[in-house]
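Spelled out, the chains give:
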Amino acid sequence: MAIDFEQALQAYFGYINARDVKNVAAMYAPDGELILHTGQHVTGRAALSEFFQTLFLQSPPAPRVVNIVGAGRQCAAELRVTLPGNGETSVADFFKFDDDGLITSLTIYATESVRT
């Protein structure tokens with residue numbers, strides 16, 4: 001199955017910006033994995049739901065896609081992310097998808113510096 005990366009990421013980041021935990025988690029495969037720039041791993045939909053619920057309550061990000069590059073079932077997205085307190089940082093997200101278009105792995109790399 002060919003994956004429309006632009007459509008998939010538009011939906012994913014739309015759910016992130018809407019703080020829609022249920023639909024964010026549903027975009028992951030049942031054993032999908034999120035790997036944060038801090039080294040933290042979050043695996044499985046239940047754990048992902050809990051992670052995003054906490055994130056959205058504590059420090060909700062506001063990502064904006066700058067560019068997407070991909071092939072096959074993998075893509076990279078360059079993002080600008082507005083953080084609570086009006087700071088902004090650069091982020092690179094690396095997605096892997098399964099045959100059904102669900103996220104099997106998302107690895108996030110972020111700069112440590114935040115521009116205000």
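Preceding block: the structure.
Residues numbered from 1 in each chain as written. Predicted model: local features only at pLDDT ≥ 70, side-chain atom pairs only at ≥ 80, totals over all residues. Heavy atoms only, no water.

Asker: Can you explain the overall build of the chain? Please cite residues and give values.
Answerer: Broken down by element type, the chain carries three helices and six strands. Element order for the chain, N to C, with α for helix and β for strand: α-α-β-β-α-β-β-β-β. Each principal axis of the C-alpha atoms in the chain carries an extent, and together these give about 40 × 30 × 25 Å. Looking at the chain as a whole, 37% of its 116 residues are labelled buried. Summarising the internal contacts of the chain: among those between residues at least 6 apart in sequence, 45% fall at separations of at least 24. Working note: accessible area of the chain is about 6,500 Å², and carbon and sulfur atoms make up 51% of it. Charge centroids of the chain, computed over 8 positive and 13 negative side chains, lie 5 Å from each other. (Helix = DSSP H or I, 4+ residues; strand = E, 2+ residues; numbered from the N terminus. Buried < 20%, exposed > 50% of the residue type's maximum accessible area, 1.4 Å probe, protein only. Contact = heavy atoms within 4.5 Å. Areas by Shrake-Rupley, 256 points an atom, 1.4 Å probe, with all protein chains shown as cover. Lys, Arg positive; Asp, Glu negative; His and termini not counted. Charge placed at Lys NZ, Arg CZ, Asp CG, Glu CD.)

Asker: Can you lay out the pairing of strand S3 (residues 62-71) for me, pointing to particular residues and giving the numbers?
Answerer: Note that S3 and strand S4 (residues 74-83) share nine bridges and pair antiparallel. Across the sheet, Pro63 pairs through a bridge with Val81, a residue of S4. In sequence, S3 turns back onto S4 through a hairpin of two residues, with Gly72 there showing a positive phi of about 60 degrees. (Pairing = 2+ DSSP bridges.)

Asker: Just give me the short version of helix H3 (residues 45-58), but keep the residues and values in it.
Answerer: Taking 1.5 Å per residue as the helical rise, H3 with its 14 residues ought to reach 20 Å, and the 20 Å between its terminal C-alpha atoms agrees with that figure. All buried positions along H3 are accounted for by Leu48, Phe51, Phe52 and Phe56. Within H3, the buried residues cover an arc of 125 degrees as seen down the axis, which keeps them to one side. The outward face of H3, more than 90 degrees from its buried face, is lined by the exposed residues Ala46, Glu50, Leu57 and Gln58. Summarising the contacts, the buried residues of H3 are in contact with helix H1 (5-18), helix H2 (21-26), strand S1 (28-35) and strand S2 (41-43). (Expected span 1.5 Å × (residues − 1). Arc of directions from axis to C-beta.)

Asker: For the pattern of salt bridges, give the residues involved together with the corresponding values.
Answerer: Under the counting rule described, the total for this entry stands at three salt bridges. Note that Glu88 is salt-bridged to Arg80, the shortest N-O span being 2.8 Å. Here Glu88 falls in the partly exposed class, since its relative accessible area comes to 23%. Residue Arg80 is classed as buried on the basis of its relative accessible area of 12%. Residues participating in the shared-partner salt-bridge network are Arg64, Arg80 and Glu88. (Salt bridge = Lys/Arg side-chain N within 4 Å of Asp/Glu carboxyl O.)

Asker: I'd love a proper account of the side chain of Thr89, names of residues and values included.
Answerer: Inspection of the secondary structure puts Thr89 in strand S5 (residues 87-97). On the basis of relative accessibility, which here comes to 6%, the residue Thr89 falls in the buried class.

Asker: Which residues make up the nonpolar core, and what are the values?
Answerer: Core analysis: the biggest nonpolar cluster contains 28 residues, and Tyr12, Tyr28, Leu34, Phe52, Phe95 and Phe97 have the highest contact counts within it. The element contributing the most residues to this core is H1, with six residues. Those residues in contact with Tyr12, other than ones at most four positions away along the chain, are Val24, Met27, Tyr28, Phe52, Phe95, Ile103 and Leu106. (Core = buried A, V, L, I, M, F, W, Y, C linked by side-chain atoms within 4.5 Å.)

Asker: Give me the lowdown on unusual backbone geometry, citing residues and values where you can.
Answerer: Its identity is not glycine, yet Arg19 carries a phi of approximately 60 degrees, on the positive side. Its place among the elements puts Arg19 in the loop between H1 and H2. With relative accessibility at 31%, the residue Arg19 sits in the partly exposed group.

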